[in-house]
Every structure is written in structure tokens, then in C-alpha cells.
Amino acid sequence: MVEPNQLTQHLETFVDITRSPTQQDDSLRRIASSLENDTLSINQLVREMEMYLTTTDDVVRARGILLLAEILNSLKQKPLDNAIVHSLIGFFTEKLADWRAVRGALVGCLALLKRKNVAGVDVLAIAKAMIQNVQVQSFALLERKLCFELLECLLQHHSEAIITMGNLLVYATCEAIDGEKDPQCLMVVFHLIELLAQLFPSPSGPVASDASDIFDSIACYFPLHFTHTKGDEASITREDLSRGLLRAFSSTPFFEPYAIPLLLEKLSSSLTVAKVDSLKCLKDCAMKYGVYRMKKHYGVLWSALKDEFYSSTGTQLSFALESLTSPGFEMNEIHREAVNLLQTLVNQDISFLGFVVDDIHINTVFDTISRHSQYKEMPDTSKLDVLVISQILSVSAKASVKSCNIIFQTVFFRLMNILGIVEIVSTGDVFPKGNSTVSTRLYHGGLHLCIELLRASKDLILDFEEYSPTPGCAQESWCSIVKSFSFPLIQVFTSAVRCSNNDCAEDVYFGVKGLLAMGMFWGGSSPLSRSEFEKILMTLTSIITAKSAKTVVWELALRALVCIGSFIDRYHDSDKVMSYMSIVVENLVSLASSSQCGLPYAMLLEATSEVCSTGPEHVEKMVQGFEEAFCSSLSDFYVTGNFKSIDNCSQLLKCLTNKLLPRVAEIDGLEKLLVHFAISMWNQIESCGVFSCDFNCREFVEAAMTSMGQVVGIALVESQNSIFQKAYSVISSSILPAMESIPLTFAALEGLQRDLSKRDELILSLFASVMIAASPAASIPDAKSLIHLFLVSLLKGYIPAAQALGSMVNKLSSGSGGTNISSDCSLEEACDIIFHADFALEKKISSNGSGPSGKIICASETTLSKICLGLCGSVDLQTRAITGLAWIGKGLLMRGDKRVNEIAQVLVECLKSSNRSGHALHPSAMKHSADAFFILMSDSEVCLNRKFHAVIRPLYKQWFFSSTVPILESLIMNSETPLSRTMLHVALAHVISNVPLTVILDNTKKLHPLILEGLSVLSVDSSEKETLFSLLLVLSGTLTDTKGQQSASDNAHIIIECLVKLTSYPYLMVVRETAIQCLVALLELPHRRIYPFRRKVLQAIVKALDDRKQRVRKEAIRCRQAWVSITT
Amino acid sequence: MVTGLINENPIIYPKKERRVRTDSNNTDEFAAEPIDQLEIFDILSLDIKDPEHPYSLEELKVITEDSVEVDDETSHVRVTFTPTMEHCSMATIIGLCVRVKLMRSLPPRYKIDIRVAPGSHATEDALNKQLNDKERVAAALENPNLVEMVDECLLPSDE
């Protein structure tokens, strides 16, 4: 497609260095694309470019060659004729000598070398030209990188061709990389070394003979020091570089005579990075260099390694719960790497273990152990000895089966002797002592070492089983050693656990840890018999059931059981599953359901839930047990009126809610079990008659509501439906008929009182919580009567009923007749019932209430709103109606329904000192309607949230904010009485503090005066302290954001005045603290705006320095320092 | 002017772990929390740096928690500090820093008493007199060089 003159134009554009890079790229792309679709051939192009490629103008020639090279680079996919490739290579090779055009030549060579059809001769030609003519280190960064990539490409893809160059190649590479400093280039350089080593593996090859030189050129980078965190787009990290260097170091065994001494030397440095890198590198090298070469370094290596263990281990042995499954001391990176290295060395060559076992320290550690019984009594050096040696021995034992055998053979008998488990008879034979004679010599050091060894062998079995399916450990000698001592060992640990002295917390800890270690041997190759395993479980379980207070040993034992349980579950050990089930799980569950146990019920539940959460079968058992326990306790309460039973019920439900429900996603089938539980709750309540005594069971009702709601929340729609059915049958046989019989007339409503029986209240609350948590897809039976029920109960003052009604209007599908078949009631119908209903309007009220806007029937015309406005009924009824209306409004608001505006109107009307009918409002009603705005705007934990499947329209808060704030603002301007003004401000504060801060930041100019006025109005007394605090937080948000600062600067004087007043607000400490923080934030404003207030602020702060709360004083000091320093 | 540092290589001590306040702050809104030893020690140890080195006075063990005595009822506080060297001419500056810091941080009702630990400094008596003489302290704080030095030491640290 490209005409010759167009081609010339593109060429000119690229060559002309005054053009912009984008133009040059564009012309390059055009030429390349015309080559790609064959409208232009390479030959034509080269002929056309001849002048540019050969001219004596250096700049033009360099650009020309670069253009040709870049074109080739972008044509990687297009096959080219062999002859063309050959002649192009010839051209570029020649140009490698032309240092002014070297970049183009390098790009060209690289592009061509990446092709498949490059002849060996050509490769050799490039390599030779490269070696002869290119002085890599004299180039700039980009060219250097290209050179290295070219070398990399030669070594990686054309190794057969260049292998003949031998020494020359190695020598040239060394020269090229000598002194390189750029991280990107270094990444390539390290790879080059690796490639060279792969290319010449022979001991008589060039790498072997030049190993010293090659190693010298990279040794200078070790240990790698690189602090740039980010910058260039390649973003190479220290880890990348260090890994590259390590790979280069370990690339060939020929580096061994140079690398190992260097690494050992760097290991003795005091720099952490150097130590870590050296250890890592030694590990890699040991694997790569092979046993034969490493053998001569063993002596030095061992002593260096031992030093590292000593220096990286602290003397603090933790006796905390968390360290039951770890060695019990803090491990830093050096320690971890040292562990890896030791394990690698032992694993690779068992003879290394000789150095370990013969070490003098290891032989003296037994004396140390037997000198001190208590760990805390040991001097620090002995502690260190014990910890380090235990760690070294257990790490070595973990390395391989062979090493494990050796370690157990050399160490274990002596250890058992110290612990008093065996006697060494003079003939040299050893045998375990009889059962009765186990002495109580509990040497902590010995126990620690013993536990570490047992844990190491346990890990070894696991590794072993993962690789080979046949259980083969049983024949190993370490296994038989453990087997022969298992009985006395368990006895020793048990006696340690049973220790009842006060100062033997450590004995107990070691005992539990030991039992845990013994209990975690895996499956068929376990050295423990089944009865021994069961004995361990029984010991631990008996501790849990015996202790009547939460002691350390109780928690340790529980933790150990949980560990064993999850271990069994993870490795599917069928024998042990059965033992665990019968000894631990069933035991605890049966105790929980019989509640005949010395243990406090809460602790029993905690233990049961912890233990049972280890596996799905256990969970099933537990939920069933809990179900039984719940039913029996509840019926016991009904029959005998035993308060303890109902208390147990609440605790049970709380345990269910807190421990099990959060794990529903992890445990298969839990949902079904819980739904079953919920249905049996309903069954039980149905079958129980009236409470035999009047007992305020608030706690129980709340616990039951939470559990019921949460269960329904997580249940599938079908399960929700079945719960609904059950619940509806219960409610329709008890309170529903009675409530439905109450007509919605003023006369009837006025007489309403909280008059439900405890049982009815429980049923109502539970049903409400089912309704709150149900998903919109669930089908609600007989929705219309239920709305009636909830409406009456909310007017009776049951808040859950109001919340349930809010959830209903939030979730019911709109559209007449119900497009959703699952419900017999649509949103419109529901609203009709709620707002208009068949309230029998009394004449005088309707004549009074017809306001100026009588054209449409809006919510403010309805009976419910008339009650809210206090036109009829008592104050109590009025406040209940207002709160109920708020919840209904919340449901509508969240789904974005316009009807909420009418509700807002009613609420606003209630805030006026006298509404349009001239009727004065009761202060308590005003307070309730102000707080209704909090209900509308805040996120609720108990209903209408995501967990309970609420329909939430995006940005609904913003929408309400923008429609409400102007109304409230104008009312505040015109408010007549102080009370009304305060209440309007409370409402406004609720709206402002619950909307996302970004909305506020967009309107700071308008809102700042309002917020400040609100703060001063609310700070008058203590009744609105929480609202005041949330409003203050909004203010502080605007002060710290740049968007709000302009307006803050304009209003600086009133802001400071207000904050200064709040620094002495007596009712809430956080208000004072935040006010002072805001004052500090104000210092971001322009100096001229704030300087005039310095005196005033400092005076206030000096008072705050004497505040009665420490946190306020601390902020005051900071604030004072900041304000003092703006003097100049 | 003295050239070079007075104490070129001071011993650095590891920071002691903070005593955790056991009385939770939120239980009673109106309960008073009197100013105590730890609070004053926090004020002094966090923000005052040694005039010569970038270490806090805590790290150099110039001030320890036990060296602070405080009585909130009588509004009296006494700080006893230990200069790193017996002839340390920086002791005056350190003392002045401590005084200025406390003046800025404590309510005005407090009487502040600064002392050098007995036997830790060559001119102990003179120093004690100098640091507790109102007039001399006021005069010192009118000397711009001294104020600059003090402010330098009191720059808030990043912690």
C-alpha cells in the first residue's frame, strides 16, 4: 500500500531526530505493517534505504540502521528467506564494529538471532564480531543491556553453534560483565553465568579452568545490597537480584573452592542480610555441589552453623497457649534459614550427623539438664544450651529416617535415664522400669528435649506417609524405641499434668505439650497403641470436666484436644476418629445436654464447641446434642420454673450464635442442622404451655431472637419457607387471632397496653426475627394478617414488630397482584393496609386535620400519621407510632421508594413547635421524631442489612440527604421555640453524620455554618452527647480533607470559637479529645487566617492540660506544642 | 566554642517495655485520672532528644521512670536526671529542656523541681541552683541561641 514517495516520507520522519517520538513510532509501524502484508518486500526496503544505511553522516546512519533493526524486531512472526537472513546478518555483524551505530546493530542481531532459521556460521560470525569489536563496559546503559541480552540469546538458543568457541567465549563474557552496576543488567548477567555453567559442565572445560575468574566477577556482589524500593518500571527488588545471584553461585560445582569459604566468611558478618543470604546460598550450593565436594567443609560448616543457632536463639521459652504446637521460642529469619541448611545437609549426607552427634555441647547438655529441675532456675547459658541443642537435634531428626534412628539411638536412652524412666544396669543393658516406679524427676530441660524429639518424629511420619503409601515406619528402630517407652512416657506427662502445686504451671505446660506430641502420631505406623492413645484423650478430657474454674491447665488441655481433633480430621485417621468421637466428643456433648456437671455451663459449652468444631461429624453430634439440651432445659423451666435451666438455654443459644454460625461456610451440611435446630425450637415453644411463673426472661428472648434471625439469615430459601410454615402455624394458634380481633380504630388503639403474656411475647419476637431475616424470595404465608399483627403490636410498643414491618415493606415485591407468586400481598397492598387501612376516622379529627395540601391522599393524611402528630391518643401511643413509622420508613428508604418522603414529612411536622393544626407537641414526641432520623439513616445491626437480605438501593443515603437537608435547614431558620430548634438540630445531625463523608465534602460551604450551629446547640446539656460526638467527627473529617479546607478557612473564626468551647465539654471525654485534635488539624490552614486566634486557643489548651482524663491531656500537650510553634 | 562532641560514644540502653495502664479509660466518664509518674515519664522520654545524639533521654538512661516523683494533689513534680558524663557541659541544656518541656506540658498549677542525681556531676550544687532559679531560667529562655537549641531537642519524634 505504501507508495515509494510515502515510504521516503516515513523514512525521513524516523531518521529526523527533531521529530517527536510518537511520530517516529508511527512511521516505523506503518513500514512494518506494509512489510507484514507483503505490499513491500525486504529487498525493496533495503534498496530504498541504501542511502540511509551507508551515509557518512553518523546520526542519519545510526537512525537508519536502527530503523531497519526495529522493523526486523517487529516482524518476528513473519518467515524470511534464508538468503535474506544471511545477508542481513552479514550487514549487522559488520556494523557491530561501527560504535556510532552499535545500538541498531545490536537490536538487529538480536532480532535475527531469535529466528529459527539462522545458520551456525552466521551465529558464529555474530559471536566473533561481538567478542572482537564490542567493548561492553564503554557503552551506555541501554546498549549494555542489549549486549547482555545478545549474549544471553547466543548462550540460550544457539549453544551448539558457539560451544566451539570455548575459552574465548568465557573470557569475553567475564570481560563484559566486569564492573556492571545496573540492576536490570545484573539480572541478565547472573543468568549468563548460569547459562555458561550449563554449557560447559565438563571438568576439563573452559568454565572449570576459568572458574576462579568467573567467580571473582560475581563474588563482589555478595551479599547483595540494594535499597531502591521503587522507581523504574522494571521494578526489580532486592529479592529478585539476590535470588539471581544465588542461582549464579550455585550454578556449577567448579565454584566450590571459592564460594564456600566466601560464604562462610560472610556468615560471620554482623549484618542480618549477609547472614540470611549466606545461609540460603550455602543450602543451594550444598545441594548443587554434591556430597563429595562439600565433605571437606563439614567441620567448618558445622561450627559456623552451631554459632548461628546459638546467636539466633533467645532464652525466652514461651509457656503460652499458642506455643503448644511450636518449639516455643521466637524464630527470626536467620534461625529459619539455619534450620533449612542443617536439614538439607543431614538429609543429603548422613555422615554430617557425625559432627552433630559427637559435638561436645550435645554431650554436656545432659549434665545441664539434670542440674536444674525448674526451667526458670537455670542460668541463661544453660537455658540457651537446652533450647539450641533441642532444636538442633529435632531438626536433624526430622531430616530423614536414618538420621532419626541415629539420634534416637544416641540420645533417647540417656534422656530416659535422666527422666527416671529407665535404669542402666551395670552390664550395659537398658530396660524400662516397671509401672510403679516412675519417679517424679521432672527436669524441664529434659522434658523439652524429649517433646521436641517426639514432635520431630511425628513430622517425619507425616512426610514419610505423604511420599510412600505403605506404612513403613513401624520397623524403624526409632519407632520401636518410642514404642518401648510410650507407656512410661505417658505416665510421666500425666503426672506432670496432675501436679497440683501452685508453682508448677510449667510442669503442667510440659505435661500437656508432651501428651499432645504423643497424641499426634499418625495412623498405622504410630508407635502408640490404641489404648495408649485413648488414655491420652481420657486424661485431657478428665482435666476439662474436673476443673471448675478457668485455669491455665484447663485452657491448655482444651487447646491440646482441639489440636488433636483437627489433626485427626485433617489426616483421616479412621481408628482415631472413633476413639476421639467416643471419648471426647460424646462425653462432652452428653455432659452439655444433661448439665449434671461440676463445670460452669458456660465453660462446658465453650469446651464442647471448641472441641466439636474440629470436624464435620463432631459438629453434627454437637448440634444434635445442643438441640436435645435446649429442649430439655426449656421444658424443665416450664415445668419446674428453674431459673438455671432458662439461663442455660440462653447460654446455649449464645454459644450457637457466636461459635458455630460464623463457620457455616466452612462446614458442610451445617446449614441443614441449624435449620433443624430452629424448627425444633419452634416445636418446643409450641408444646410448652404458659410460664409457670413470671420471670423476666429478657436475656433469653434476646438470645433466641438473635439465633433465630441468624439461622434464617444463612438458610436457603426453601429452608426459610419451612421455618416460616412452622412459625406461622405456631403464631396462628396463639396470638394471631387475638390480635386480629383488635380493630384498627382509635378507640381500640388508645386502650392498647403492653399486655402480652411472656410466652406470646416470645412467640411474637421470634416470629419478628424470622421475618427480619427472611430473604425477599421467601414466601410469607398470610401476609396481610401478619401486617395487621405487626401494626397492632408496634402500637403496643414492641420494637421487633416495627422492625419486622420495616423488613416486610422493604422486601415485598411491588406490582399489583404480586408478580412474585411466593407472596399473596404486594408492596402497594401492604402500604395501603399500613397507611390507609380501614381505620374508622372520627369526624372531628378529619375536619381538623385537612390541611392546605388536600389534593392527594398522602401519608400525612393517614391515621397512623395522625397518631404521630398527636391528634389523638396518649403520648405513649404517639411515641410508639413515631418509632414504628421510622422503621417502616427505613424499609422504604432503603429500597428507594418515594413513599418515604411522606413519612419524612410527618416526622418533620412532629419537630415543629406547633404543627399546622396549631396542636402543640409533647417534648418526648419531638425527641422521638428527632431520633427517628437516626433510625432512618444509620446502618442497623439487628435488621435491614445485607446479612438479612435487605433490598438496598445504591446511594439511598445521598438521595435522602439531599432531599431532607434543605427542609430541615429552612425550618431551623424559622424555628420558634428553643426546644424545636434543638430537636431540628438533632435530626439534622443524624442525617449529616450518617451520610458518607464525600457528600459532606462536596457541600462544606453550605454545611459548615449548620454543623457549627448544631454543635453549639447540642453542647448545652448532656442529653445529646453521642449525637454531638458524631457531628464533631464529621467536622473533623472536613477539616482534615483538602476539599473542606477552603470553607474551613472562610469560617475559621467560628470553627475555632466552637472547638475552644468543646475542649471543656464536661460530659464526654472523646468530645474533648476530638476537639483538641481538630484544633491541631486547623494548623493546616493559611497562617494569616489562624494566627489571630493563637492566644485564644492557647488559653483554652492550658486549661485542657489540667483535664481529668489522661488521653485529653496527652492531646493537649501535642496541640499546645503545635500552636506555640506558629509564632513566627 | 567547644569543637567536637563532649561524649563521643555514649552507651545506648534498650527501651524498657512500657507498663501497660490497667485502669481502662472508658469505664467512668467522670472519674478523675490524676497525673502520675508514668505520664510524666512519657512526656519526657518520647520527645526530648539528647543535644548531641539522635537518641532519646530514655535510651541514654538520663531519665528513668523511677527518677520522676510526682504528687498531683500538692501539684509538685521533681525530676532527677543523670548526665552521661561527670563533666558533661550539656547537663545544663538537658536540664533546661526538661524544665521547658514540663512547663509546656503540665498545668500551670505545678511547681517543677529539676535535680541532678547526687554524685553524677562535678558541679552538682551549682547546676541544681541554676536549674531551679526562676530568674536565671527566664533569662536563659530569652537567649535566642539557647531557645533554638532547646527547641531542637524538643522537636517531636516520629514515633
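Residues numbered from 1 in each chain as written. Chains lettered and ligands numbered in written order. Predicted model: local features only at pLDDT ≥ 70, side-chain atom pairs only at ≥ 80, totals over all residues. Heavy atoms only, no water.

Regarding the UniProt feature "domain: MIP18 family-like" (unreviewed entry) in chain B
Thought 1: When the UniProt feature table is mapped onto this chain numbering, "domain: MIP18 family-like" (unreviewed entry) sits at residues 47-108 of chain B.
Thought 2: Taken end to end, residues 47-108 of chain B comprises 26% helix and 16% strand; its first and last C-alpha atoms sit 20 Å apart. (UniProt positions renumbered as here; feature names shortened; annotations may be inferred. Helix = DSSP H or I, 4+ residues; strand = E, 2+ residues; numbered from the N terminus.)

Notes on the packing of helix α38 (residues 758-773) of chain A against helix α39 (residues 783-795) of chain A
All names here are of chain A.
Thought 1: Packing of α38 against α39 brings their axes to within 12 Å, and their N-to-C directions diverge by 120°. Comparing the axis directions of α38 and α39 gives the class oblique. Relative to α39, the crossing made by α38 is left-handed. Seen from α38, the contacting residues are L764, F767, A768 and M771; seen from α39, they are L786, L789, F790 and S793.
Thought 2: Within the contact of α38 with α39, the residues separate by chemical class into 7 nonpolar, 1 polar and no charged. (Axes fitted to C-alpha atoms, helices over the stretch in contact; angles between N-to-C directions. Parallel < 35°, antiparallel > 145°, perpendicular 65-115°, else oblique. Left-handed = near helix turned anticlockwise from the far one by under 90°. Contact = heavy atoms within 4.5 Å. Nonpolar A, V, L, I, M, F, W, Y, C, P; charged D, E, K, R; others polar.)

Some details on the interface of chain A and chain B
Thought 1: On the chain B side, the residues contacting the 15 residues of chain A number 22 residues.
Thought 2: Buried area between chain A and chain B, both sides added, is near 1800 Å², and the carbon and sulfur share of it is 44%.
Thought 3: For E33 of chain B, the salt bridge goes to K1109 of chain A, with nearest N and O atoms at 3.6 Å.
Thought 4: For the pair chain A and chain B, the interface holds 8 residue pairs in polar contact (both at pLDDT 80 or more).
Thought 5: Examining the composition of the side of chain A that touches chain B, we find that 6 residues originate from one element, helix α57 (residues 1110-1124) of chain A, more than from any other.
Thought 6: Counted by class, the side of chain A that touches chain B contains 7 nonpolar, 2 polar and 6 charged residues. (Buried area = accessible area lost by both parts, 1.4 Å probe. Salt bridge = Lys/Arg side-chain N within 4 Å of Asp/Glu carboxyl O. Polar contact = N/O pair within 3.5 Å; in protein donor to acceptor, adjacent residues only side chain to side chain.)

As for unusual backbone geometry
Thought 1: With an omega of -10°, the peptide bond between F222 of chain A and P223 of chain A qualifies as cis.
Thought 2: Relative to the assigned elements, P223 of chain A resides in the loop between α13 (211-219) and α14 (238-249).
Thought 3: Phi angles above zero are rare outside glycine, and H949 of chain A is one such case at about 60°.
Thought 4: Positionally, H949 of chain A belongs in the loop between α46 (923-937) and α47 (956-974).
Thought 5: Taking the relative accessible area as the measure of exposure, H949 of chain A reaches 25% and is therefore partly exposed.
Thought 6: Phi angles above zero are rare outside glycine, and S75 of chain B is one such case at about 55°.
Thought 7: With respect to the helices, strands and loops of the structure, S75 of chain B is situated in the loop between β1 (68-71) and β2 (76-81). (Buried < 20%, exposed > 50% of the residue type's maximum accessible area, 1.4 Å probe, protein only.)

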